[in-house]
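Observations on chain architecture
What follows is each chain in one-letter form.
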Amino acid sequence: MWDRIKHKFDKFPARMAVARKIVELGLRVGKTGKIYCGNVEISDVALARSVGVDRRTIKSTVDVILADPQLSGVFQNIFPAGTLLKNVADNLGFGVVEIEAEAGNAGILARSTELISLEGISIRQAHAGDPELEENPKLTIITEKPIKGELINKFLNIPGVKKVSIY
């Protein structure tokens with residue numbers, strides 16, 4: 001997907017930044033050129049401000065997206081993933097495991113959830129950052145209760161895992 005997007009915007013870094021922000025936030029481009037978060041319309045000015053571009057850049061980015069059947073097929077069908085509980089986990093009595101890994105390693109999510117399940121702990125959420133969108137993508141797992149710190153070494157033994165934080 002990103003190769004196609006990069007190809008369309010490689011001469012327009014500001015438009016690429018807009019496209020990246022739309023995907024990062026789970027925004028959707030409607031058929032009429034409006035931008036939505038779920039069914040809530042997002043103003044061009046607000047999005048432009050968050051990206052650090054002029055509102056006309058938002059409009060030109062949307063025009064390029066809608067003119068390309070492949071891009072419009074992607075951007076018209078994006079929906080937000082929902083609330084990430086990471087920042088409120090402590091308030092709710094949940095645990096958080098953050099894992100930073102080398103991109104492209106298979107099985108990190110499966111092995112991590114297996115370690116947690118062996119402790120008899122339920123998982124509330126799992127969110128994996130996209131290596132194309134984030135410089136240091138993380139796998140964030142929210143658990144029903146906090147995880148013991150001694151599991152850090154077991155997580156670090158998973159091939160490709162560089163760093164683990166448990167809180």
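Note: the structure precedes this text.
Report on the accompanying structure. These numbers come from a predicted model, not from an experiment. (Residues numbered from 1 in each chain as written. Predicted model: local features only at pLDDT ≥ 70, side-chain atom pairs only at ≥ 80, totals over all residues. Heavy atoms only, no water.)

A few words on the packing of aromatic side chains. If you walk through the whole model with that rule in mind, you get zero aromatic pairs. A cation sits over an aromatic face here: arginine 15 above phenylalanine 12, 4.2 Å from the ring centre. (Phe/Tyr/Trp six-rings, centres within 6.5 Å; stacked < 30°, edge-to-face > 60°. Lys NZ or Arg CZ within 6 Å of the ring centre and 35° of its normal.)

Here we come to the sheet that holds strand S4 (residues 95-101). Spatial strand order, S5-S6-S4-S7: four strands in an open sheet with antiparallel pairing. Every interior strand has two partners, whereas the edge strands, strand S5 (123-128) and strand S7 (161-166), have only one. The average undirected angle you get between the axes of adjacent strands in this sheet is 15 degrees. As paired strands, S5 and strand S6 (residues 138-143) are joined by five bridges and run antiparallel to one another. Bridged to glutamine 125 within S6 is isoleucine 142. (Pairing = 2+ DSSP bridges. Helix = DSSP H or I, 4+ residues; strand = E, 2+ residues; numbered from the N terminus. Axes fitted to C-alpha atoms, helices over the stretch in contact; angles between N-to-C directions.)

Moving on, we get to the layout of surface pockets. Considered as a void within the structure, the largest pocket measures approximately 500 Å³ in volume. Along the wall of the largest pocket there are 19 residues; nearest its centre are Glu24, Leu25, Gly26, Ala81 and His127. Looking at the lining of the largest pocket, the element that brings in the most residues is S5, giving four residues. Its volume calculated, the second largest pocket comes out at about 240 Å³. In terms of lining, the second largest pocket is formed by 14 residues, of which the most central are Ala101, Ile108, Ala128, Gly129 and Leu139. Elements with a minimum of two residues in the lining of the second largest pocket: S4, helix H7 (108-118) and S6. (1 Å grid on protein atoms, 1.4 Å probe; cavity = no way out; pocket = protein on both sides within 12 Å on 5 of 7 lines; lining within 4 Å. Points joined across faces, edges and corners; volume = space filled by probe spheres on them.)

It is worth spelling out the packing of helix H2 (residues 13-24) against helix H4 (residues 55-67) at this point. It is at 9 Å that the axes of H2 and H4 come closest, and there the two elements cross at 75 degrees. The angle between H2 and H4 places the two elements in the roughly perpendicular class. The residues of H4 that touch H2, namely those facing Ala14, Arg15, Val18 and Ala19, are Thr57, Ile58, Ser60, Thr61 and Val64. Taken together, the residues of the contact of H2 with H4 break down into five nonpolar, three polar and one charged. (Parallel < 35°, antiparallel > 145°, perpendicular 65-115°, else oblique. Contact = heavy atoms within 4.5 Å. Nonpolar A, V, L, I, M, F, W, Y, C, P; charged D, E, K, R; others polar.)

By the burial criterion, the buried members of helix H1 (residues 2-9) are Trp2, Ile5 and Phe9. With its buried residues spanning 60 degrees around the axis, H1 presents them on a single face. The outward face of H1, more than 90 degrees from its buried face, is lined by the exposed residues Asp3 and His7. Residues of H1 that are buried in the fold lie against H2, H4 and helix H5 (69-75). (Buried < 20%, exposed > 50% of the residue type's maximum accessible area, 1.4 Å probe, protein only. Arc of directions from axis to C-beta.)

The next subject is the side chain of serine 112. Note that serine 112 resides in helix H7. Overall, the relative accessible area of 0% leaves serine 112 in the buried class. When neighbours within four sequence positions are excluded, serine 112 is seen to be in contact with Ile99, Leu139, Ile141, Phe155 and Ile158.

Further remarks concern the sheet that holds strand S2 (residues 35-37). Ordered in space as S1-S2-S3, the three strands form an open sheet in which the pairing is antiparallel. Edge positions in the sheet fall to strand S1 (28-29) and strand S3 (40-42), since each has one partner strand and no second. For S2 and S3, the ladder comprises three bridges, and the chain directions are antiparallel. What sits directly across from isoleucine 35, in S3, is isoleucine 42.

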